[in-house]
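Chain by chain, the residues run as shown.
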Amino acid sequence: MRHAQVDSLIDRLVVGACSPAEARAVASHAIGCARCTVRIATARRLSTALGSAPVLRAPPGFAAKVMNQVYRQALAGQPAAEEAPGARRRSLSTMYRRVAFSFMVTAFVLMASLVIPRAAYTSLIAARGADAGVGGSTAVQGVLQSADKAVRGILGEQQVGGNGE
Amino acid sequence: MPRSAKTETVDDDELIARVRAGETRFFAQLVTRYADPVFAMSLRLIGDRAEAEDVAQEVFLRVHRALPAFKGEAKFSTWLYRITWNMCADWRRKNRRPGRTSSSLETEADQSDGRVNLEKKVIDGEEQAFVQQALDGLDDIYRSVVILHYYQKLSYEQIASILEVPVKTVETRLYRARRQLRLRLEKIGQGGRR
Ligand SMILES: [Zn+2]
């Protein structure tokens, strides 16, 4: 057997993948060949080194870190947790609606308390044949317009806020 | 083999079934069982401890997300290692730096002023690092099979499944990888005798 033939068998020899006949031929060549003896020795050392590599361990706390993220991932998959900003938007718009409703109720009460007595007063004056209803009516109109403007303003702000997000 | 596999009474399939049924806490047992091999594979393929830890964590997160789709056609461990290998391969593609994968074996010989002594390295245990450097110089296709077979202790069949190549290809690559490693080590040995 020649050097080249031995060389082609060495890497199989050291992992026990050669036939008994091949193993014997390599061994008999190596007895008289220092070069191939060194090659075989190197292949065996390599085999030993690969087979005895140190076991690498995950860092301490690795599993806990992973599970922490797994639970975060699971929670993030639920709409309630994921849509917190949307929930805030909803509560803001609810608040605006309540304020607007309060304004309208206030305006109505104001109108009722001013217009109804004024109407009664106007009918009384009319019954007396005098024209004295304009001043009170203007005041009520002014209050109503202010209330309406305020409500529109709030509703308009809500509309802008809702579209903007 | 995973560290605690022998002492666990609940097998992977049962744990997977429980996790899929919504009992997330059972995923912790899978993580504990496979933390070491997944981290080890990541570290050996990536070469940086902090990066390997990040990738290994992401592997488990991805596995958890993909668990509902896991059909059980391959063993869980093989599927897990395939995901690990793919994510490490992605990392290497994104983070490859010039010269990173070139052999540093010659550099080592130069730095030690030609006094590299292979026999001594065997005796004092430094040969592991020495072999690792030789390994870093191999092409990825050879390096991968060495890591998966010798360091991760995976069978040819598992490696074939992870790399999605025939078993015969794994055998051939492993043979060529061993040969290339030996030649590199021989070269160093000769350098030491000069
Ligand atoms: Zn010879």
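Residues numbered from 1 in each chain as written. Chains lettered and ligands numbered in written order. Predicted model: local features only at pLDDT ≥ 70, side-chain atom pairs only at ≥ 80, totals over all residues. Heavy atoms only, no water.

A. The arrangement of the overall build of chain B in detail. Helices and strands together make up the secondary structure of chain B, namely 10 helices and zero strands. The N-to-C order of helical and strand elements in chain B reads α-α-α-α-α-α-α-α-α-α. Burial status across chain B gives 48% buried among its 194 residues. Considering only contacts within chain B whose residues lie at least 6 apart along the sequence, 62% involve residues at least 24 apart. Split by element, the accessible area of chain B, about 9,700 Å² in all, is 49% carbon and sulfur. (Helix = DSSP H or I, 4+ residues; strand = E, 2+ residues; numbered from the N terminus. Buried < 20%, exposed > 50% of the residue type's maximum accessible area, 1.4 Å probe, protein only. Contact = heavy atoms within 4.5 Å. Areas by Shrake-Rupley, 256 points an atom, 1.4 Å probe, with all protein chains shown as cover.)

B. Layout of the interface of chain A and chain B. Contact residues are listed per partner, giving 31 residues for chain A and 39 residues for chain B. Taken over both partners, the interface formed by chain A and chain B buries close to 3,400 Å², and the fraction arising from carbon and sulfur atoms is 63%. Applying the counting criterion to the chain A and chain B interface returns seven salt bridges. Among the ionic pairs, arginine 182 of chain B bridges to aspartate 11 of chain A, the shortest N-O distance being 2.8 Å. The interface formed by chain A and chain B includes 15 residue pairs in polar contact (both at pLDDT 80 or more). When contributions to the side of chain A that touches chain B are tallied by element, the ones reaching two or more residues are α1 (3-13), α3 (34-51) and α4 (62-76) of chain A. The class makeup of the residues in the side of chain A that touches chain B is 18 nonpolar, six polar and seven charged. (Buried area = accessible area lost by both parts, 1.4 Å probe. Salt bridge = Lys/Arg side-chain N within 4 Å of Asp/Glu carboxyl O. Polar contact = N/O pair within 3.5 Å; in protein donor to acceptor, adjacent residues only side chain to side chain. Nonpolar A, V, L, I, M, F, W, Y, C, P; charged D, E, K, R; others polar.)

C. Region of interest: the side chain of histidine 64 of chain B. Considering the arrangement of structural elements, one finds histidine 64 of chain B in helix α3 (residues 49-66). The exposure class assigned to histidine 64 of chain B is buried, which follows from its relative accessible area of 13%. If we ignore the near neighbours within four places in the chain, the residues touching histidine 64 of chain B are Val70 and Gln73 of chain A together with Val19, Thr24 and Phe27 of chain B.

D. Structural view of the nonpolar core. Counting residues in hydrophobic clusters, the biggest one holds 65 residues, and the most contacted among them are Phe27, Phe60, Val63, Leu67 and Phe76 of chain B. For this core, the element with the highest residue contribution is helix α2 (residues 27-46) of chain B, accounting for 11 residues. When neighbours within four sequence positions are excluded, phenylalanine 60 of chain B is seen to be in contact with Phe62 and Val66 of chain A together with Phe27, Leu30, Val31, Tyr34, Ala35, Val38 and Leu80 of chain B. (Core = buried A, V, L, I, M, F, W, Y, C linked by side-chain atoms within 4.5 Å.)

E. Structural view of the packing of helix α7 (residues 127-136) of chain B against helix α8 (residues 140-151) of chain B. Residues and elements named next belong to chain B. One can describe the packing of α7 onto α8 by two numbers: an axis separation of 9 Å at closest approach and a directional angle of 145°. Contacts between α7 and α8 involve Val131, Gln132, Leu135 and Asp136 from the former and Arg143, Val146, Ile147 and Tyr151 from the latter. Of the residues in the contact of α7 with α8, the class split is five nonpolar, one polar and two charged. (Axes fitted to C-alpha atoms, helices over the stretch in contact; angles between N-to-C directions.)

F. View of the environment of phenylalanine 76 of chain B. Residues and elements named next belong to chain B. Residue placement: phenylalanine 76 occurs in helix α4 (residues 76-95). Taking C-alpha positions, phenylalanine 76 is 8.8 Å from isoleucine 16, a pair spaced 60 residues apart along the chain. Apart from residues no more than four positions distant in its own chain, phenylalanine 76 is found in contact with Asp12, Ile16, Leu30, Tyr34, Val63, Leu67 and Phe70.

G. Inspection of the coordination of the zinc ion at higher detail. Residue and element names in this part refer to chain A. Only His3 (ND1), His29 (NE2), Cys33 (SG) and Cys36 (SG) from the protein coordinate the zinc ion, and they sit 1.9 to 2.3 Å from it. If you look at the zinc ion, its four donor atoms make angles of 104 to 113° with each other, and the shape they trace is tetrahedral. Considered as a linear motif, the donors of the zinc ion on their single chain read H-x25-H-x3-C-x2-C. Here histidine 3 is found in helix α1, whereas its partner cysteine 36 is found in helix α3, with 33 residues between them in sequence. Judged by relative accessible area, which is 31%, histidine 3 ranks as partly exposed. On the basis of relative accessible area, cysteine 36 is assigned to the buried category, the value being 0%. (Donors = N, O, S within 2.8 Å, 3.2 Å for Na, K, Ca; no water. Tetrahedral: all angles 85-135°; square planar, octahedral: opposite > 155°, others 65-115°.)

H. Highlighting the environment of tryptophan 79 of chain B. All names here are of chain B. Examined against the element boundaries, tryptophan 79 turns out to sit in helix α4. With relative accessibility at 14%, the residue tryptophan 79 sits in the buried group. Residues tryptophan 79 and valine 63 lie 16 residues apart in sequence; the distance between their C-alpha atoms is 8.9 Å. If we skip the residues at most four places from it in the chain, tryptophan 79 touches Val63, Ala66, Leu67 and Phe70.

I. Main features of the packing of aromatic side chains. Residue and element names in this part refer to chain B. Across all of its chains, the model carries six aromatic pairs over all chains by this definition. When the ring of phenylalanine 76 is compared with that of tryptophan 79, the centres are 6.0 Å apart and the planes differ by 50°; the resulting orientation is tilted. Pair noted here: phenylalanine 76 and tryptophan 79 are both in helix α4, with a separation of three residues, about one helical turn. Residue phenylalanine 76 shares its accessibility class with tryptophan 79, and that shared class is buried. Every member of this aromatic cluster is reached through a ring pair, and the members are Tyr34, Phe70, Phe76, Trp79 and Tyr81. (Phe/Tyr/Trp six-rings, centres within 6.5 Å; stacked < 30°, edge-to-face > 60°.)

J. Just the environment of threonine 24 of chain B, in detail. Counting through the fold element by element, threonine 24 of chain B comes out in the loop between α1 (12-20) and α2. Threonine 24 of chain B sits 40 residues away from histidine 64 of chain B along the chain, and the two C-alpha atoms are 9.0 Å apart.

K. Region of the structure containing helix α2 (residues 20-31) of chain A. Residue and element names in this part refer to chain A. The end-to-end C-alpha distance of α2 is 17 Å, a good match for the 16 Å that 12 residues give at a rise of 1.5 Å each. Of the residues making up α2, those classed as buried are Val26, His29 and Ala30. In an axial view of α2, the angular spread of the buried residues amounts to 100°, which keeps them on one side of the axis. Within α2, the exposed residues directed more than 90 degrees away from the buried face are Pro20, Arg24 and Ile31. For α2, the elements touching its buried residues are α1 and α3. (Expected span 1.5 Å × (residues − 1). Arc of directions from axis to C-beta.)

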